[in-house]
Amino acid sequence: MLLAQGYEGEAVALLVSSLPFNFFSWLTIVFGLVLALSGWSFWSMRKAERRAADTGAVTRPGSSPMIADDVTELSPVRPEVARASDLLVPVTVMIGMIFIGLYVTGEGSLMEGSGSIAVLWAVGSAIGVAMILYLLPRQGRPLLGPDGATQLVVKGASGLVGVVGLLVLAFALGQVSRDLEMGDYIVSLLGSDLWIWWVPAFVFVLGCFVSFTLGSSWTAFAILLPLALPLAEALGLSVPLMLGAVLSGGVFGDHASPLSDTSIISSMAAACDHVDHINTQLPYTLIVAGLSFVAFLIAGLMG
């Protein structure tokens, strides 16, 4: 949706073309596989693994595992009749509807489809299918009644109000920056003799800083995309490369920031102290970020 502002009809193709340049994500996958296959660890993670092996203490003595009481006290809804298909069918419908939506809105071309409309159709279809599944009788009564299902839908939707507000502001910022020709203005400030090869690496570092300090990749995207992409066009840089730099910087914050919702959820899922989780992950993340920075410098030099 953020890319649709200024790239209507080209957003999906642009996103796909930027995938090879999302160096941080690719290197994270490779680095994770290397660590898993080799068993290599260092710094805080190595200390934690040695403690667990020597004493059997999975968590650090004196730590505060991040499990909220309202989560631990939740009880499954009729687990005796629940099935894996209750989750898998709606998720499959959502994924399939994205491609159908792209195909229909693109008049036969997935690359020219509207990503925002496709996602809307996909989420709506998944919710509808899930509600139908939960309303079907199981051993004489449904898994969830209409009231319970509707309440969960409303509760989930209410949690997205902040994201919707952020997107609206991002659209406004994107339109204003383009109308004011911010890319050309920034180039005029930097000068005509600018060595542009370092700009993608700089955007990546800036994205890392914003996403880490604010704990939100979406905030980093909303701030940087309306500025970075017009700047790439004005400098004659590869727009997919610049988009990859912005996406990589945002993912760094999701992975490493103690304020990130994904980091918090990881700590909750692992039932570990949140600070311990960040301390064990940060050295690995910084190594991958350093390698990504070098990759963006090289990509910038290669044009």
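What comes next concerns the included structure. (Residues numbered from 1 in each chain as written. Predicted model: local features only at pLDDT ≥ 70, side-chain atom pairs only at ≥ 80, totals over all residues. Heavy atoms only, no water.)

1. A word on the nonpolar core
By size, the foremost hydrophobic cluster in this structure holds 36 residues, and its most contacted members are V199, V203, F204, L229, M242, V246 and F296. When residues of this core are traced back to their parent elements, those giving at least two are helix 2 (23-38), helix 10 (199-214), helix 11 (217-235), helix 12 (239-256) and helix 14 (274-302). Considering each element in turn, this core owes the most residues, nine residues, to helix 12. Excluding residues that lie within four positions of it along the chain, V203 makes contacts with L224, A228, M242, A245 and V246. (Core = buried A, V, L, I, M, F, W, Y, C linked by side-chain atoms within 4.5 Å. Buried < 20%, exposed > 50% of the residue type's maximum accessible area, 1.4 Å probe, protein only. Helix = DSSP H or I, 4+ residues; strand = E, 2+ residues; numbered from the N terminus. Contact = heavy atoms within 4.5 Å.)

2. Some words on the packing of helix 2 against helix 14
At a closest axis distance of 9 Å, the pairing of helix 2 and helix 14 adopts a crossing angle of 135 degrees. Relative to helix 14, the element helix 2 is oriented oblique. As for the relative orientation of helix 2 and helix 14, their crossing is right-handed in sense. Packed against helix 2, whose contacting residues are F23, F24, L27, T28, F31 and L35, the element helix 14 presents Y284, T285, I287, V288, A289, L291, S292, A295, F296 and A299 at the interface. Of the residues belonging to the contact of helix 2 with helix 14, the class tally is 13 nonpolar, three polar and no charged. (Axes fitted to C-alpha atoms, helices over the stretch in contact; angles between N-to-C directions. Parallel < 35°, antiparallel > 145°, perpendicular 65-115°, else oblique. Left-handed = near helix turned anticlockwise from the far one by under 90°. Nonpolar A, V, L, I, M, F, W, Y, C, P; charged D, E, K, R; others polar.)

3. Side note on the side chain of S211
As for its placement among the helices and strands, S211 is situated in helix 10. Within the structure, S211 has its side chain in polar contact with the backbone oxygen of G207 (distance 2.8 Å). Among the polar contacts made by the side chain of S211, one reaches the main-chain carbonyl oxygen of C208 at a distance of 3.2 Å. Beyond its immediate sequence surroundings of up to four residues, S211 is in contact with S216, S217, A220, G249, G250, F252, G253 and S257. (Polar contact = N/O pair within 3.5 Å; in protein donor to acceptor, adjacent residues only side chain to side chain.)

4. Details of the side chain of D86
Position of D86 among the secondary structure elements: in helix 5 (residues 85-105). Exposure remark for D86: the relative accessible area of 6% places this residue in the buried category. When sequence neighbours within four positions are dropped, the list of residues in contact with D86 reads L133, Y134, R138 and L143.

5. Describing the packing of helix 11 against helix 12
One can describe the packing of helix 11 onto helix 12 by two numbers: an axis separation of 9 Å at closest approach and a directional angle of 160 degrees. Relative to helix 12, the element helix 11 lies roughly antiparallel. With respect to the hand of their crossing, helix 11 and helix 12 are arranged in right-handed fashion. Note on element contacts: helix 12 touches helix 11 through V239, M242, L243, V246, L247, G250, V251 and D254, opposite S217, A220, F221, L224, L225, A228, L229, A232 and E233.

6. Quick look at the packing of aromatic side chains
Counted by the stated rule, this structure contains seven aromatic pairs. Between W198 and F202, the aromatic rings sit 5.6 Å apart at their centres with planes inclined by 80 degrees, giving edge-to-face as the arrangement. F202 gets classed as partly exposed once you look at its relative accessible area, which sits at 44%. Taken together, the ring pairs connect F21, F23, F204 and F296 into an aromatic cluster. (Phe/Tyr/Trp six-rings, centres within 6.5 Å; stacked < 30°, edge-to-face > 60°.)

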